[in-house]
Amino acid sequence: MKTRPPRATISDVARAAKTGKTSVSRYLNGEVHVLSPDLKARIEQAIADLNYRPSQMARGLKRGRTRLIGLIIADITNPYSVDVLSGIEAACRARGFTLLMCNTNNEVDREQYYLQLLSSYQVEGIVVNAVGMHEEVLNRLQQSMLPMVLIDRKIPDFACDVVGLNNPEASQNATQHLLDNGYDALLFVSEPLGSVNTRRERLAAFRACCQRHPQVHAENAEVPLHDAPLLAECLRDFYQRHRDKRCAVIAANGALTLQVARALQSLALRWGEDIGLLGFDELEWAALAGVGITTLKQPTWQIGYAALERVIARIEGSDDAVYEQVFSGELVERGSSQPLR
């Protein structure tokens with residue numbers, strides 16, 4: 001079997017260029033002004049001949065910097081997460097950082113493991129889309145003083161910068177849109193609320209908006225994402241109890257919007273004709289689903305970019321007070337929320 005030649009070292013480059021390691025190090029660190037043109041040319045030629053590639057990790061550690069950012073994301077299969085990741089990666093590339101991404105698959109134990117793993121890699125900061133961290137993990141994070149920014153979900157009793165959607169405003173706009181189009185029986189469907197602030201904030205704004213319209217019947221249901229029978233039962237019950245009204249459903253996130261659409265199809269209910277439908281998060285298939293599904297589009301790429309910018313600011317020494325940066329959403333109107341006949 002053919003063996004790979006050993007990787008060239010800085011000593012090999014110095015020997016080939018007939019100089020010392022200090023001169024090669026100066027060249028690699030950009031201090032070429034202290035080198036003679038002849039020496040600079042010999043070092044360049046030696047690097048090319050040996051195909052020398054310096055270890056960026058080793059160089060970073062020598063300076064006390066790794067230029068690594070850790071990202072812990074709740075669910076990489078969620079389109080929301082993919083768009084956020086794209087924004088974070090773009091900001092890393094622009095600022096000269098490397099991203100280490102960990103997907104927890106919404107499992108708390110994985111989240112704890114990845115926090116420990118990223119710490120061992122000496123990341124300079126962490127961006128987290130929180131699931132439900134254990135108290136001992138939070139305590140270690142607070143003690144470590146590692147720069148950290150949360151995306152979308154806050155952690156109760158944990159003082160940390162947060163970047164995400166203006167949930168009350170977005171939910172208010174979505175609900176008002178349905179009310180303006182004449183719907184007078186609304187069902188807000190979310191996954192179990194737990195301590196997830198995004199779900200709670202969206203539900204609270206939905207209720208507050210409906211309370212200003214006494215003629216409107218408003219309900220909410222909490223359904224696990226993959227419990228299709230329970231979801232279909234909730235939708236069937238809601239529709240049958242309010243057949244004399246113009247009914248509409250608001251789904252609290254993109255993954256749930258897909259499940260609601262499937263459930264409505266299984267019940268032979270057509271959105272935009274029999275019942276209204278509006279979902280949080282813009283999904284590629286939303287425009288192709290029959291008459292199209294109205295969505296509340298989040299600026300996910302911008303949220304990711306801003307979160308990375310914020311954690312870099314903390315890395316560079318910003319001591320501003322902890323704050324929350326929120327972005328407005330955009331209502332993308334399609335046939336699923338049109339006024340029913």
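Parameters and conventions
- Residues numbered from 1 in each chain as written.
- Predicted model: local features only at pLDDT ≥ 70, side-chain atom pairs only at ≥ 80, totals over all residues.
- Heavy atoms only, no water.
- Helix = DSSP H or I, 4+ residues; strand = E, 2+ residues; numbered from the N terminus.
- Buried < 20%, exposed > 50% of the residue type's maximum accessible area, 1.4 Å probe, protein only.
- Contact = heavy atoms within 4.5 Å.
- Areas by Shrake-Rupley, 256 points an atom, 1.4 Å probe, with all protein chains shown as cover.
- Pairing = 2+ DSSP bridges.
- Axes fitted to C-alpha atoms, helices over the stretch in contact; angles between N-to-C directions.
- Right-handed = clockwise from strand over helix to strand, strands pointing away.
- Parallel < 35°, antiparallel > 145°, perpendicular 65-115°, else oblique.
- Left-handed = near helix turned anticlockwise from the far one by under 90°.
- Expected span 1.5 Å × (residues − 1).
- Arc of directions from axis to C-beta.
- Polar contact = N/O pair within 3.5 Å; in protein donor to acceptor, adjacent residues only side chain to side chain.
- Disulfide = S-S within 2.5 Å.
- Phe/Tyr/Trp six-rings, centres within 6.5 Å; stacked < 30°, edge-to-face > 60°.
- Lys NZ or Arg CZ within 6 Å of the ring centre and 35° of its normal.

As recorded in an unreviewed UniProt entry, the protein chain goes by the name LacI family DNA-binding transcriptional regulator, listed as coming from Pantoea eucrina.

Undergrad: Any chance you could explain the overall build of the protein chain here in plain terms?
TA: Helices and strands together make up the secondary structure of the protein chain, namely 12 helices and 12 strands. Reported as C-alpha extents along the three principal axes, the dimensions of the protein chain are approximately 90 × 45 × 40 Å. Buried residues in the protein chain amount to 49% of all 341 residues. Put simply, of all contacts in the protein chain between residues at least 6 apart along the chain, 69% involve residues at least 24 apart. Accessible surface computed for the protein chain: about 17200 Å², of which carbon and sulfur atoms make up 49%.

Undergrad: What is the right way to read the sheet that holds strand S2 (residues 98-103) from this model?
TA: Hydrogen bonds between backbone atoms are what pair the strands of a sheet, whose relative direction is either parallel or antiparallel. Here 6 strands make up an open sheet; going across it, the order is S2-S1-S3-S4-S5-S11 and the pairing parallel. Edge positions in the sheet fall to S2 and strand S11 (324-327), since each of these pairs with one other strand and no more. Each neighbouring strand pair of the sheet contributes to a mean axis angle of 20 degrees, computed without reference to strand direction. Where strand S4 (residues 148-151) meets strand S5 (residues 161-165), 3 bridges bridge the pair, whose relative direction is parallel. What sits directly across from Ile-151, in S5, is Val-163.

Undergrad: Please clarify how the pairing of strand S7 (residues 217-222) should be interpreted in this entry.
TA: One face of the sheet, then the other: side chains in a regular strand alternate in exactly this way. Sheet topology places strand S6 (residues 185-190) next to S7; 6 bridges connect them, and they run parallel. Residue pairing across strands places Leu-187 opposite Glu-219, the latter belonging to S7. Once the chain exits S6 it traverses helix H9 (residues 197-211) before rejoining the sheet at S7, and the crossover so formed is right-handed.

Undergrad: Sorry if this is basic, but what is going on with the packing of helix H1 (residues 10-17) against helix H3 (residues 37-50) here?
TA: To describe two helices that pack against each other, one gives the angle between their axes and the distance between the axes. Close contact between H1 and H3 brings their axes to 8 Å; oriented N to C, the two are set at 125 degrees. Taken together, H1 and H3 sit at an angle that is classed as oblique. When you trace H1 past H3, the crossing you get is right-handed. Of the residues in H3, those touching H1 at Asp-12, Val-13, Ala-16 and Ala-17 are Arg-42, Ile-43, Ala-46, Ile-47 and Leu-50.

Undergrad: Looking at this structure, I do not really get helix H10 (residues 228-241). What am I missing?
TA: Residue pairs spaced three or four apart in an α-helix point in one direction, given the helix's 3.6 residues per turn. Between the first and last C-alpha of H10 there are 20 Å, a value that for 14 residues agrees with the 20 Å anticipated at 1.5 Å per step. By the burial criterion, the buried members of H10 are Leu-231, Ala-232, Leu-235, Phe-238 and Tyr-239. The buried residues of H10 occupy one face: seen down the axis, they fall within an arc of 135 degrees. Residues of H10 that are buried sit in contact with S6, S7, strand S8 (247-251) and helix H11 (254-266). In this structure Asp-227 caps H10, since a side-chain oxygen of it lies 3.2 Å from the backbone nitrogen of Leu-230.

Undergrad: It is not clear to me how the state of the cysteines should be interpreted in this structure. Could you clarify?
TA: The final tally for this structure, using the stated rule, is 0 disulfides. Lacking any disulfide linkage, Cys-210 is separated from the closest cysteine sulfur, that of Cys-209, by 5.7 Å. By relative accessible area, Cys-210 is classed as buried at 6%. For Cys-247, which is in no disulfide, the shortest distance to another cysteine sulfur is to Cys-210 and amounts to 13 Å.

Undergrad: Even after reading the chapter, I still don't get the side chain of Gln-298, so can you show me in this structure?
TA: Within the fold, Gln-298 resides in the loop between strand S10 (294-297) and helix H12 (300-315). A polar contact is formed between the side chain of Gln-298 and the side chain of Asp-281, at a distance of 2.6 Å. Apart from the residues within four sequence positions on either side, Gln-298 is in contact with Tyr-80, Leu-165, Arg-202, Asp-281 and Ile-303.

Undergrad: In this structure, what is going on with the packing of aromatic side chains? I would like to understand it.
TA: Aromatic rings considered in pairs are described by the distance between their centres and by the relative angle of their planes. Per the counting criterion, the structure on display carries 3 aromatic pairs. Here Phe-188 and Phe-206 contribute two aromatic rings whose centre-to-centre distance is 5.3 Å and whose plane-to-plane angle is 35 degrees, an arrangement assigned as tilted. Placement of Phe-188 in strand S6 and of Phe-206 in helix H9 is noted, with a sequence separation of 18 residues between them. Between Arg-67 and the ring centre of Phe-97, over which it is positioned, the NZ or CZ distance is 4.1 Å.

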